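Working through the structure, step by step
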Amino acid sequence: MEEWIGERWHRFITGAAERGHAGAAVVLPDVQQAAGLLYRAAGGSHSLRIVPAADMRIAGPRHWLQRLAGSGTRAALPRLDTETLALPPRIALFEQAELNRDLYLWLAALAACFELGASGSWAGDNLAACQLALQRCPGLRPRWLRLREAHLAQRRAEAVALRTPEARAAEARLQALLLAEPGLAQLHSSLDAEAPLLAPVWLWLQALPAAAAGATGQARSAAAGGGSQAQQEQEQAKRRRARPAKPASQRAPLLLASKAESLRSWSEHVPLDRASEDETDEDEARAAADDMEELTLAREGSASAARIKFDLDLPSASADDLPLGEGESLPEWDWKRQCLLPEHCRVQTLVARPGGAAFVPPVALRQTARRLRRRLETLRSAPQWQRGCNEGEVLDLDAWVRHLGSLQASSSPEPQVWARRQRSERSLATLLLADLSLSTDAYANNEQRVIDVIRDALYVFGEALHGCGDPFAMLGFSSVRRSQVRIHQLKGFDEAWSGPVQSRVGAIKPGYYTRMGAAIRLATRRLQERPERQRLLLLLTDGKPNDLDVYEGRWGIEDTREAVREARRAGLQPFCLSIDEQAQDYLPHLFGHQGWARVARPTELPLRLAGVYSRLTRGV
């Protein structure tokens, strides 16, 4: 009974003490894509991710209801580091939902222009970023003015409750800085020292130095544990403030600590060696992480059994596919040193053992393949426009503009400004690269796994291209560290689309991890050997690049991006099709905004693949 009354009382008093406007609330997922586009359009880094921020301790006046409820001491403030822009999961500061949404967009634009330490103070950095953001995005000025007016009105109303003269003076200086035109304000270095007295400035960012930013990545792994998959993903996405701690055993042996150094506060890291259990209370650990202002991370040198990340064993030579040749060595991009590491990866091409069961596609899949095959045959037989002719059917406007420009520079011969349609021989080679990592073993729907959808797409694609006569090849890939990048040859350029090839396609199965950069580099080498005028590289995947070693995270993302750049410099046209729900967070950084597409329904992958091929090869 006491627990029931306490739960109802807590719910009532915290709801009564809530000072936001729940009816006008805007959540981060609703504006995350728009904020990301604005951030990159304003000059922000393509590799930075937008994630929900975790709560941190805040200052400022509190209403008597908040003091009674014990609330109003923590909030999710916008923070920026070298890897992420952490925005509040929910904003309900203003009465109008438009203002709450504009605040998300303003913080994204401000982050794109923010330079940590540029002026030597927190207020100066934000004011400088504000000035630059309004220069780069002048259309945001009316929204910024409305946000500033609404925020200042709230601060003036809350300033009445400030009790100390120091807090009132600091608030007056802050409001003067907010009112001044960005770039013309007199900066006060004392404002940084008085920041603990101030209520949150929602129009500004909290910035973390590089060391703390690196520690926060470990903090996400340390704070997230058990629970459902959705809960783990939500906890992993939160951005917590953290700092690394050096173990006492790594101190210089002859350096003696002073008495003052040995005194520690309740929130400071104390390296006590306590016994640990594999089965910990994850809910209590997560609640403790949320309550802490800063997570301190130190290496133990040991890990509990529940945290061991098992390696995937490679099959024995008798059970594995047959190797083709001795393998190849490929470079890999080191994003920290900004250079290629020569012969860093070992790639082995494999082919399925002969004598496997023949692949018999379902009737519905064969009908889809025939329909797409007729579509591509019609596309190839259609006449194409030839531009820059001396005579033709219609005027080529682009050629006409170039002709007028050349006339102004010097005399020009007979203008070639006409376009005409004629049938010509296509010069096109295509390589289809399929992700065969272990994640493809997950179910795409109630009936098919992801690997089954990829198998159907490969079959439909092969049937369609076999009908139109364009040369093509198919490869699958997975990896176990940089020494074992496995390339499965499903069809070579010199092989016909026959029963043995279709059996290899039907026999594909989930493999290991996804070292995407090495696979793209090998596919680039194969396409560079082709004599065709246009060479197309299509990639089918279901997730980010990853592997057991350093390839997890930023390393894999940057290496894949560099491999795509190398393919474009070699004259290839790479394009990625993904069924990952978070594809928009990283694929624009890897392939560019026009070099990828997401398939919302995995079962539509065969149709989308044929449609992408038709669009990319139109006019060849």
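Residues numbered from 1 in each chain as written. Predicted model: local features only at pLDDT ≥ 70, side-chain atom pairs only at ≥ 80, totals over all residues. Heavy atoms only, no water.

A look at the overall build of the chain
Counted only if it meets this: Helix and strand definitions here come from DSSP, where helices need a minimum of 4 consecutive H or I residues and strands a minimum of 2 consecutive E residues; each element is numbered from the N-terminal end. Residue exposure (1.4 Å probe, protein chains only): buried if accessible area is under 20% of the type maximum, exposed if over 50%, otherwise partly exposed. Contact definition: two residues touch when any of their heavy atoms are within 4.5 Å. Only the protein chains shown count as cover for residues, and the accessible areas themselves come from Shrake-Rupley with a 1.4 Å probe.
Within the chain, the regular secondary structure consists of 20 helices and 22 strands. Relative to its 620 residues, the chain shows a buried fraction of 45%. Sequence-distant contacts, at least 24 apart, represent 73% of the contacts inside the chain between residues at least 6 apart. Working note: accessible area of the chain is about 32,900 Å², and carbon and sulfur atoms make up 51% of it.

Details of the sheet that holds strand β5 (residues 79-80)
How we decide: Each pair of strands is called paired provided DSSP finds at least two bridges between the two strands. Axis lines are fitted through C-alpha atoms, for helices just across the contact stretch, and the angle between N-to-C directions can take any value from 0 to 180 degrees.
Read across the sheet, four strands follow the order β2-β6-β5-β8 without closing on themselves; strand pairing throughout is mixed. If you trace the sheet from one side to the other, it starts and ends with β2 (49-52) and β8 (206-207), each paired once. Set on the sheet, helix α4 (residues 97-112) makes contact with β5 and β6 (84-87); between it and β6 the angle comes to about 155°.

Points about the pattern of salt bridges
This is how the line gets drawn: Each salt bridge in this description consists of a side-chain nitrogen of Lys or Arg and a carboxyl oxygen of Asp or Glu lying within 4 Å of one another.
Taken as a whole and assessed by the stated rule, the structure comprises 23 salt bridges. Notably, a salt bridge pairs Glu 7 with Arg 11, separated by 3.1 Å at the nearest N-O pair. You can see Glu 7 and its partner Arg 11 sitting in helix α1 (residues 2-17), four residues apart, about one turn around the helix. Taking the shortest distance from any N to any O, the salt bridge between Arg 565 and Glu 562 comes out at 4.0 Å. Remark: Glu 562 and Arg 565 occur in helix α18 (residues 554-569); sequence separation between them is three residues, near one turn of the helix. Residue classification places Arg 565 among the partly exposed residues on the basis of a relative accessible area of 38%. A single salt-bridge network, built from bridges that share partners, covers Glu 332, Arg 515, Asp 547 and Asp 549.

Thoughts on the packing of helix α2 (residues 28-41) against α4
The description of two helices packed together rests on the angle between their axes and the distance between the axes. Worth spelling out the cut-off: Note: crossing handedness is left-handed where the near helix turns anticlockwise from the far helix by less than a right angle, and right-handed where it turns clockwise. Under the grouping applied here, Gly and all other residues not named as nonpolar or charged are polar, the nonpolar ones being Ala, Val, Leu, Ile, Met, Phe, Trp, Tyr, Cys and Pro and the charged ones Asp, Glu, Lys and Arg.
Remark: α2 packs on α4, axes separated minimally by 9 Å, with the N-to-C direction vectors making an angle of 35°. In the packing of α2 onto α4, the handedness of the crossing is right-handed. Across from Leu 28, Val 31, Ala 34, Ala 35, Leu 38 and Tyr 39 in α2, the residues of α4 making contact are Arg 101, Tyr 104, Leu 105, Ala 108, Ala 109, Ala 111 and Ala 112. Of the residues in the contact of α2 with α4, the class split is 12 nonpolar, no polar and one charged.

Some details on a nonpolar patch on the surface
So the rule is basically this: For patch building, the residue pool is restricted to those with more than 30% relative accessible area and no salt bridge; the joining distance is 9 Å between like charges and 5 Å between nonpolar side chains (Val, Leu, Ile, Met, Phe, Trp, Tyr).
Residues Leu 395, Leu 397, Trp 400, Val 401, Leu 404 and Trp 418 make up a contiguous nonpolar surface patch of about 560 Å² in total accessible area. Its place among the elements puts Trp 400 in helix α14 (residues 397-409). Given a relative accessible area of 35%, Trp 400 falls into the partly exposed group.

Examining the packing of helix α15 (residues 450-468) against helix α20 (residues 605-617)
Let me state the cut-off plainly: Here roughly perpendicular refers to angles of 65 to 115 degrees, roughly parallel to angles under 35, roughly antiparallel to angles over 145, and oblique to all remaining angles.
Running from N to C, α15 and α20 point in directions that differ by 40°, and their axes come no closer than 8 Å. In this view, α15 runs oblique relative to α20, as classed from their interaxial angle. As for how α15 packs across α20, the hand of that crossing is right-handed. Between α15 and α20, the contacting residues are Val 453, Ile 454, Asp 456, Ala 457, Val 460, Phe 461 and Leu 465 on the first element and Leu 605, Pro 606, Leu 609 and Tyr 613 on the second.

What to know about the pairing of strand β18 (residues 472-479)
Of all eight residues in β18, eight are buried; the element is thus mostly enclosed. In β18, alternate side chains face the same way, and those of Phe 472, Met 474, Gly 476 and Ser 478 on one face and Ala 473, Leu 475, Phe 477 and Ser 479 on the other are all buried. Connecting β18 to the next strand, strand β19 (residues 485-491), in antiparallel fashion are five residues, including Arg 481 with a positive phi near 65°.

Focus on the side chain of Asp 435
We apply this condition: All tallies of charge rest on Lys and Arg as positive and Asp and Glu as negative; His and the ends of each chain are not included. Nitrogen and oxygen atoms within 3.5 Å of one another constitute a polar contact, given that in protein one can donate a hydrogen and the other can accept it, and given that sequence-neighbouring residues count only through two side-chain atoms.
With respect to the helices and strands, the residue Asp 435 is situated in strand β17 (residues 428-435). In this structure, Asp 435 is buried with no salt-bridge partner, the nearest side chain bearing the opposite charge being Arg 486 at 12 Å. Polar contacts involving the side chain of Asp 435 include one to the main-chain amide nitrogen of Ser 437, which spans 2.9 Å. Here the side chain of Asp 435 touches Thr 541 through a polar contact of 3.0 Å, side chain to side chain.

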